[in-house]
Structures are given as C-alpha cells and as structure tokens.
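Structural overview
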Amino acid sequence: MSTNERKTLIAANWKMYKTPDEAVAFIKAFVPLIGKHGHAEVVVCASPTLLPTVVDAARNTPIRVAAQNMHWLDQGAYTGETSPLMLKALGVTHVLIGHSERRQYFNETDESVNLKLKSALAHGLIPIVCVGELLDEREANQTAEVLERQTSIALGGIDPEAAKSLIIAYEPVWAIGTGRTATPEIADDAHKIIRAQIAKSLSPALAASTRILYGGSVKGENTASLCCLQDIDGALVGGASLDPASFASIVANSAA
Ligand code: PEP
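Computed from a prediction, not measured in an experiment: that's the story for all the values here.

Some remarks on helix α8 (residues 184-201)
End to end, α8 covers 25 Å across 18 residues, agreeing with the expected 26 Å (1.5 Å per residue, within 8%). Every buried residue of α8 is accounted for by A187, D188, A190, H191, I194, R195, Q197 and I198. Of the surrounding elements, those touching the buried residues of α8 are β5 (126-131), α7 (143-154), β6 (167-170), α9 (204-209), β7 (211-215) and α10 (220-227).

Printed below as a string of structure tokens:
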C-alpha cells in the first residue's frame, strides 16, 4: 500500500490501440466512473497520434497524459521520432521509458533508457521507467541481477535532487499480455530489490519516496491483492485499460 509520501498511481498503457474518436469516447465514459476515487492519480499513455486529442479531452479532469516513448534529443534528423519539446508543447505530463515492447521490438537498451530518463527529467516530464526480467531469466534465478542492472544503468549519472518525480514500473516480461500475473509475493520481492537499488544509485530518501508500479496482466480482480502490499504503489495496465469500466474497476480496487 502506498504511504502518504507515495500516492497510488494507476496508469493505462493503450499501446497501439484506439483512434481519436475512440479515445474521446473512452475519456467521456471513464471520467464519471472514477469521479469519487481521489486516492489515486490516473495517467493515460497514448500513441503520438492521439496525444493532442487525449490532452484536450482530459482537460479539467483528474487524468494526466503520457507518451509511450520519446527521443532524448530536442530536435534533429531522426525520422519517425518524437522529442521531449514536442511532448511538452502538447501538454503531455508523463512519459513511459523503456517499456519491454520497446526493448524487445525496437532495440532499446539500458543505455538508451538512461539517456531518455535524463532528458525527461531535464524537461520536466515525469518519467515512468519500465524494468523487468524475461521468463528465461526468472527460471535461471537471474531476476535480482537483471533488475539491479536495468535500474542501476537507467539511474547512472542522475542527480538525486533532479530525480524526485521518478516513477519505476516493475513489469516481468512473462506477465505482460499473457494473462499470467506475478503473485503478490513475487511482485513485492521484486519491488524491494528495485527500491534497494534506487537507494544505492540515488539515495535512501529517494528510494523511500519513489513510486514503484506493478505491471503485467493487472485486472480489476487482482488489483486489490497487489496494491495492498507495502512496496507496490500502483499499476501499469495494458489490455485491461482499453475499456473504461474495466480500467475504472482497477482504479477503484487500488484503494485497498
Ligand atoms: C503493459 O503494456 O505495460 C502491460 C502490463 O500489459 P498487460 O496489462 O496487458 O499485461
């Protein structure tokens, strides 16, 4: 359960889904459903083509809007990329960095995650940095090593004073989109490993205040058992965030 210092955060990762009309219909249906759940911050991570529409639809609502990726440079000859300046100009507040689908299909590395994180912090975008082990790595008992490596490289050279907005998402790759959720014990252990690494890489104070979300087949039915744990401060939700009622039930059940 989040502490007073770490407000629960529930983030929707819409991946490469929804047209602008569908995004607006979602926001219209979703906002009344979460009206009374002020315990959690809610963020929607949308594709670049949806960002202006979602920022507009979410104005005067509790929803904040995130990009799913960005380049670390302000501008340049990088066809197909989106810069932090472009996101800021749209009113985007958060950015996902290093999602496992970006690492798996688009060759993102721990080093590019570090560059993106530094850039997001420098531009005042709230970063949600994703880490998580593959199934093979878990089966080979390498989970702690992988999480420590991903977290320490991501945080390399970062000034703790500049990293107060940092959010980490623990997403075991074997649980993403598979319907196979980590048990609360597995998730809690992993969050403790990540928090210990933040203490080493940044500072114990920052480790205590950084929110660590769990992601991987979160649904309304398993939210309470995950979000009630000491080191789990919310969720990053893919498939179950596409439907307003299903996502609203996750927000409601995260109050446990
Ligand atoms: C994700 O996309 O980050 C995710 C966790 O997906 P799902 O909830 O569908 O497993």
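Details of the pairing of strand β3 (residues 63-67)
The element β3 is largely enclosed, with a buried count of four among its five residues. For the crossover that starts at strand β2 (residues 40-46), traverses helix α2 (residues 51-57) and ends in the parallel β3, the hand is right-handed. Bridge count for β3 against strand β4 (residues 94-97) is two bridges, and the pairing is parallel. From the neighbouring strand, A66 faces β4, where its bridge partner is H94. Taken together, β3, helix α3 (residues 84-90) and β4 constitute a β-α-β crossover, and its handedness is right-handed.

Observations regarding the nonpolar core
A general tendency of soluble globular proteins is for nonpolar side chains to be buried together. In this structure, W14, F30, V54 and Y214 are the most contacted members of the largest nonpolar core, which totals 62 residues. Looking at this core, the element that brings in the most residues is helix α1 (residues 20-34), giving five residues. If sequence neighbours within four positions are ignored, W14 has contacts with A23, F26, I27, V44, C45, A46, L50, V54, Q68, S241 and L242. If you look at the next biggest cluster of nonpolar residues, it comprises twelve residues, including L9, V43, I128 and L213.

What to know about the site of the ligand
Near the ligand you find 14 residues, and of these K15, E171, G177, S217 and G238 are the closest. S217 is positioned with one of its backbone polar atoms (N or O) 2.8 Å from an oxygen atom of the ligand. G239 is positioned such that a nitrogen or oxygen atom in its backbone is 2.8 Å from an oxygen atom of the ligand. Taken by itself the ligand offers 290 Å² of open surface, and the protein chains cover 96% of this.

Observations concerning the side chain of R211
Along the polypeptide, R211 turns up in strand β7. Within the structure, R211 has its side chain in polar contact with the backbone oxygen of K7 (distance 2.9 Å). In contact with R211, not counting residues within four places along its chain, are R6, K7, T8, L9, E41, L166, I167, I168 and D233.

Some points on the packing of aromatic side chains
Within this structure, the stated rule accounts for five aromatic pairs. An angle of 40 degrees between the planes, with centres 6.5 Å apart, marks the rings of F26 and F247 as tilted. Of this pair, F26 sits in helix α1 while F247 sits in helix α11 (residues 244-253), and the two are 221 residues apart along the sequence. Summarising the burial analysis for this pair, F26 and F247 share the class buried. Relative to Y214, the ring of Y170 has its centre 6.2 Å away and its plane inclined at 55 degrees; by these criteria the two rings are tilted.

Focus on the pattern of salt bridges
Inspection of every chain in the model, using the stated rule, returns 14 salt bridges. Among the salt bridges present, the one from R211 reaches E41, with a minimum N-O distance of 3.2 Å. Placement of the pair is R211 in strand β7 and E41 in strand β2, with a sequence separation of 170 residues. Judged by relative accessible area, which is 28%, E41 ranks as partly exposed. For D231, the salt bridge is made with R195, and the minimal N-O distance between the two is 2.5 Å. Residue D231 is found in the loop between α10 and β8 (234-237), and its partner R195 is found in helix α8; the two are separated by 36 residues along the sequence. Taken individually, D231 and R195 each receive the classification buried, so the pair is uniform in this respect. A cluster of three or more residues bridged by salt bridges with shared partners is formed by R6, D188, K192, R195, D231 and D233.

Cut-offs and rules
Residues numbered from 1 in each chain as written. Predicted model: local features only at pLDDT ≥ 70, side-chain atom pairs only at ≥ 80, totals over all residues. Heavy atoms only, no water. Helix = DSSP H or I, 4+ residues; strand = E, 2+ residues; numbered from the N terminus. Expected span 1.5 Å × (residues − 1). Buried < 20%, exposed > 50% of the residue type's maximum accessible area, 1.4 Å probe, protein only. Contact = heavy atoms within 4.5 Å. Right-handed = clockwise from strand over helix to strand, strands pointing away. Pairing = 2+ DSSP bridges. Core = buried A, V, L, I, M, F, W, Y, C linked by side-chain atoms within 4.5 Å. Near = heavy atom within 4 Å. Polar contact = N/O pair within 3.5 Å; in protein donor to acceptor, adjacent residues only side chain to side chain. Areas by Shrake-Rupley, 256 points an atom, 1.4 Å probe, with all protein chains shown as cover. Phe/Tyr/Trp six-rings, centres within 6.5 Å; stacked < 30°, edge-to-face > 60°. Salt bridge = Lys/Arg side-chain N within 4 Å of Asp/Glu carboxyl O.

Function cannot be read off these values alone, since they describe shape.
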